[in-house]
Amino acid sequence: MSSGIVAKLKEPLRQRADFSQVLAGSWATLSARELSDRPLSLERDGDARLGDLFELDGQPEGRIRLVGELDHADRLGAGLIEGEVTVDGNVGREAGLAQAGGRLDIGGDAGPRAGAAPLGFKRGMTGGELIVRGSAGPEAGAAMRRGLLVILGAASDRTGLGMIAGTVVLFGPVGTDVGLWSKRGSVVALGRITPPPTYSYACTFQPVHLRLLLTRLRDTYRLPVRPRHLNGFYHRYSGDMAELGKGEILAWTAK
Amino acid sequence: MKIRGVFIEDTFAEAFTMRVARIVITARSYRWVRAAALKLTGFATSVIGCKVEAGIERELPAKETPDGRPGVSILIMTMGKDDLAKRLIERVGQTVLTCPTTACYDGLPDAPDRVGVGSALRFFGDGFQMSKVIAGQRFWRIPVMEGEFLVQEKFGMLKGVGGGNFLILARNADAALEAAEAAADSMAVLPGVILPFPGGVVRSGSKVGSRRIKSMIASTNDAFCPTLRAVTVTALPEGVNSVLEIVVNGVDANSIASAMKTGIDAACRGGVVAISAGNYGGKLGPHHFYLRKIMGGAAE
């Protein structure tokens, strides 16, 4: 059984590369050869094609797996609208920038501003699911409007900065000012979190919708959701009160 | 045709196309699942007087529900598409939203026809409600004094079948009731069907219209009333002194036929003289369930 297209990096990236055009828009039905022609930009060497850097093989089934050290690959999955993208290791900055659909599953760490809005734009993710199995740099999910961002490792400062809506699920430790200036977004913290001072504690309860969401994450992505996460209580903080105040931080609590 | 000495009449049950939705209710425990389910399916025996026909399809173990809590699936049926949306909003709003710890989900996710339920009930949140899209489906989190009520935005709707039936013609009331209870018990566990009447049994089968009052759309089925044997054109064989009816609705004709077969087989026991069925000459309902065909015999 084929597992879609596999793209193997021919040799390590020695300069930063902008992947923002590679998976933007419709790509899920493109053959390996057609995808090889997708443009990217190298910091020093300028314009290139995906096929210049990767060997692509397999059949188009709406899935692509990228293999190799991609720490210097910036804006991978930017503008994604469809399909399933799996990255075996780390990625650079702004992965899933303004993602609008599909799934982007990053096996390692992500640099700053994963799932965020492009600089100068108001909206980050507007749909889809972005999974970072390692840690994520600052301002992940900044200005996201819809969609789901999940970070299994450490989430840096200002994750979910200025969220308009959407959901961020954080499994690990978090930095400061998570959810700052959020309008309607939901931040779910399964580890320790200190909400910004502009959030107000509301209550401790069991949100039923989290059972659906977390069960789906467990079953679809095999994420380490434990029974205590499903059956447990959550502190609800409303905020950001400096904004609309219709957002929330749901912080799991052992009590 | 006879089954264990019970005569199966050469007739058919006439049933109608209805609109059906399947509602899944979950709660902290079966106590509250049942509390909501019983209220939601209350006063929902016949569209003639209740506007809606509803019943519990089956209880769901926690592993079969969307949120991993105990649950129940309910079928709710109306004659028209628009009517189903109205009835769902009324009933879910008044009986599930109000019930502690419950959540309410669509049980027909693959049905292309969708009706808004959560999309209407959300306004109870008075602007404080929040929506979440999970696995492509939108849910509404409506704040309530207890915490939050979670309800799916849209529910699937199918064309179902209502009015499958058979009549148990017995020597006395005890035998009729015993046979009806056995039939209802055997049918209640089957998927895709509900028995909307009390305990699954009807004692007041009806005919279309009235002999005296033109505005009445239904009145007693005098042909099957033992007390009227001497004063009307009776359909009752000799020795029959009590008749009970089993009415079954379902998601499709096959589910009804299968349930009728199970129920009739259970009803064929001592004290039962014959099994018959209610129809209107085949002119009103498009679904005809021939008793002998269902029971594997040949029509005479």
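Residues numbered from 1 in each chain as written. Chains lettered and ligands numbered in written order. Predicted model: local features only at pLDDT ≥ 70, side-chain atom pairs only at ≥ 80, totals over all residues.

Colleague: Even after reading the chapter, I still don't get the overall build of chain B, so can you show me in this structure?
Modeller: Helix and strand counts for chain B stand at 7 helices and 18 strands. Computed over C-alpha atoms, the radius of gyration of chain B comes to 21 Å, within 12% of the 19 Å expected from 2.2 N^0.38 for 300 residues, which places it in the range of a compact globule. Dimensions of chain B, computed from the C-alpha atoms along their principal axes, are close to 65 × 45 × 30 Å. For chain B, buried positions account for 46% of its 300 residues. When contacts within chain B are restricted to residue pairs at least 6 apart in sequence, those whose partners lie at least 24 apart make up 73%. (Helix = DSSP H or I, 4+ residues; strand = E, 2+ residues; numbered from the N terminus. Rg over C-alpha atoms; globule rule 2.2 N^0.38 Å. Buried ≥ 20, exposed ≤ 12 C-beta atoms within 10 Å, placed from the backbone. Contact = placed C-beta atoms within 7 Å.)

Colleague: Looking at this model, I keep getting lost on the overall build of chain A. Mind explaining?
Modeller: Helices and strands together make up the secondary structure of chain A, namely 4 helices and 16 strands. Over its C-alpha trace chain A gives a radius of gyration of 18 Å, about what one expects of a compact globule, namely 18 Å for 255 residues. Its C-alpha atoms give chain A principal-axis dimensions of about 55 × 40 × 25 Å. A burial count over chain A gives 50% of its 255 residues as buried.

Colleague: Looking at this model, I keep getting lost on helix α1 (residues 30–40) of chain B. Mind explaining?
Modeller: Because each turn of an α-helix spans 3.6 residues, side chains separated by three or four positions in sequence point in the same direction. If you check which residues of α1(B) are buried, you get B:V33, B:A35, B:A36, B:A37 and B:L40. Next to the buried residues of α1(B) lie β3 (12–26), β4 (53–60), β5 (71–78) and α3 (81–96) of chain B.

Colleague: I would appreciate a short explanation of the sheet that holds strand β2 (residues 17–18) of chain A in the present structure.
Modeller: In a beta sheet, neighbouring strands pair by backbone hydrogen bonds and run either parallel or antiparallel. All names here are of chain A. If you walk across this open sheet you meet the 4 strands as β4-β3-β2-β7, and the pairing is mixed. If you trace the sheet from one side to the other, it starts and ends with β4 (46–49) and β7 (73–74), each paired once. Of the pairings in the sheet, the one linking β2 to β7 comprises 2 bridges and is parallel in character. Bridge assignment links A17 to a residue of β7, and that residue is A73. (Pairing = 2+ DSSP bridges.)

Colleague: Would you explain the interface of chain A and chain B in this entry?
Modeller: Many analyses report the size of an interface as the accessible area lost when the parts associate. Chain A puts 12 residues into the contact, and the matching count from chain B is 13 residues. For the side of chain A that touches chain B, the per-class residue count stands at 6 nonpolar, 3 polar and 3 charged. (Nonpolar A, V, L, I, M, F, W, Y, C, P; charged D, E, K, R; others polar.)

Colleague: What should I look at first to understand the pairing of β4(B) in this one?
Modeller: The side chains of a regular strand alternate, first on one face of the sheet and then on the other. Residues and elements named next belong to chain B. Among the 8 residues that make up β4, 6 are buried, leaving the element largely enclosed by the rest of the structure. By the bridge criterion, 7 bridges tie β4 to β5 in an arrangement that is antiparallel. Counted as the bridge partner of E59 is V72 from β5.

Colleague: Teacher, can you tell me more about the sheet that holds strand β10 (residues 126–132) of chain A here?
Modeller: All names here are of chain A. Ordered in space as β5-β1-β6-β8-β9-β10-β11-β12-β13-β16-β15-β14, the 12 strands form an open sheet in which the pairing is mixed. The open sheet terminates on both sides in strands that have one partner only, identified here as β5 (54–58) and β14 (200–205). For this sheet the average axis-to-axis angle between neighbouring strands, irrespective of direction, equals 15 degrees. When strand β6 (residues 63–67) meets strand β8 (residues 84–87), the two strands line up parallel, connected through 4 bridges. Bridging across to β8, I64 finds its partner in V85. (Axes fitted to C-alpha atoms, helices over the stretch in contact; angles between N-to-C directions.)

Colleague: Can you walk me through the packing of α1(B) against α3(B) in this structure?
Modeller: Any two packed helices are characterised by the angle at which their axes cross and by the distance between the axes. Residue and element names in this part refer to chain B. At their nearest, the axes of α1 and α3 sit 9 Å apart, and the two run at 140 degrees to each other. As the angle between them shows, α1 and α3 are arranged oblique. Read as a crossing pair, α1 and α3 show a hand that is right-handed. Residues A36, K39 and L40 of α1 form the contact with α3, whose own contacting residues are R91, T95 and V96. A per-class count over the contact of α1 with α3 returns 3 nonpolar, 1 polar and 2 charged. (Parallel < 35°, antiparallel > 145°, perpendicular 65-115°, else oblique. Left-handed = near helix turned anticlockwise from the far one by under 90°.)

Colleague: How should I be thinking about helix α6 (residues 253–267) of chain B in this particular structure?
Modeller: Over its 15 residues, α6(B) extends 21 Å from the first C-alpha to the last, a length consistent with the 21 Å expected when each residue adds 1.5 Å. Those residues of α6(B) that fall on the buried side of the exposure criterion are B:S255, B:I256, B:A257, B:A259, B:M260, B:K261, B:G263, B:I264 and B:A267. (Expected span 1.5 Å × (residues − 1).)

Colleague: Got a minute to help me understand the packing of helix α5 (residues 173–188) of chain B against α6(B) in this structure?
Modeller: Residue and element names in this part refer to chain B. Following both chains from N to C, one finds α5 and α6 inclined at 145 degrees, their axes separated by 8 Å at the closest point. Seen from above, α5 lies across α6 with right-handed handedness. From α5, A179, A180, A182, A183, S186 and M187 reach across to α6, where they touch A259, T262, G263, A266 and A267. Of the residues belonging to the contact of α5 with α6, the class tally is 8 nonpolar, 3 polar and no charged.

Colleague: Which parts of the structure should I look at to understand the confidence of the model for chain B?
Modeller: Regions with low pLDDT should not have their predicted coordinates read in detail. Confidence along chain B averages 96 in pLDDT terms, with 99% of residues attaining 70 or more. Predicted complex metrics record ipTM = 0.93 and pTM = 0.93. (pLDDT = per-residue confidence, 0-100.)

Colleague: Where do I start with the nonpolar core in this structure?
Modeller: The nonpolar side chains of a soluble globular protein tend to be buried, and buried together. Counting residues in hydrophobic clusters, the biggest one holds 93 residues, and the most contacted among them are B:I25, B:I74, B:V151, B:I168, B:V272 and B:I275. Setting aside residues no more than four positions away along its own chain, B:V151 makes contact with B:V92, B:A103, B:C104, B:V117, B:G118, B:L121, B:F139, B:W140 and B:I142. Grouped together as the second largest cluster of nonpolar side chains are 78 residues, A:F19, A:L56, A:L161 and A:L210 included. (Core = buried A, V, L, I, M, F, W, Y, C linked by C-beta atoms within 7 Å.)

Colleague: In this structure, what is going on with the environment of A:M125? I would like to understand it.
Modeller: Residue and element names in this part refer to chain A. Mapped onto the fold, M125 is located in the loop between β9 (103–106) and β10. Distance in space between the C-alpha atoms of M125 and A114 is 9.2 Å, their sequence separation being 11 residues. Those residues in contact with M125, other than ones at most four positions away along the chain, are G96, A98, Q99, G115, L130, G141, M144, R145, R146, G147, L149 and G166.

Colleague: How should I be thinking about the environment of B:G68 in this particular structure?
Modeller: Here B:G68 is to be found in the loop between β4 and β5. We classify B:G68 as partly exposed; it has 19 C-beta atoms within 10 Å. Sequence separation between B:G68 and B:A27 is 41 residues; the distance between their C-alpha atoms is 9.5 Å. The residues touching B:G68, leaving out its near neighbours within four places in the chain, are A:R211, A:T215, A:L230 and B:A62.

Colleague: What exactly am I supposed to notice about the environment of A:P207 here?
Modeller: Position of A:P207 among the secondary structure elements: in the loop between β14 and α3 (208–221). Each C-alpha atom of the pair A:P207 and A:S36 lies 45 Å from the other, and the pair is 171 residues apart in sequence.

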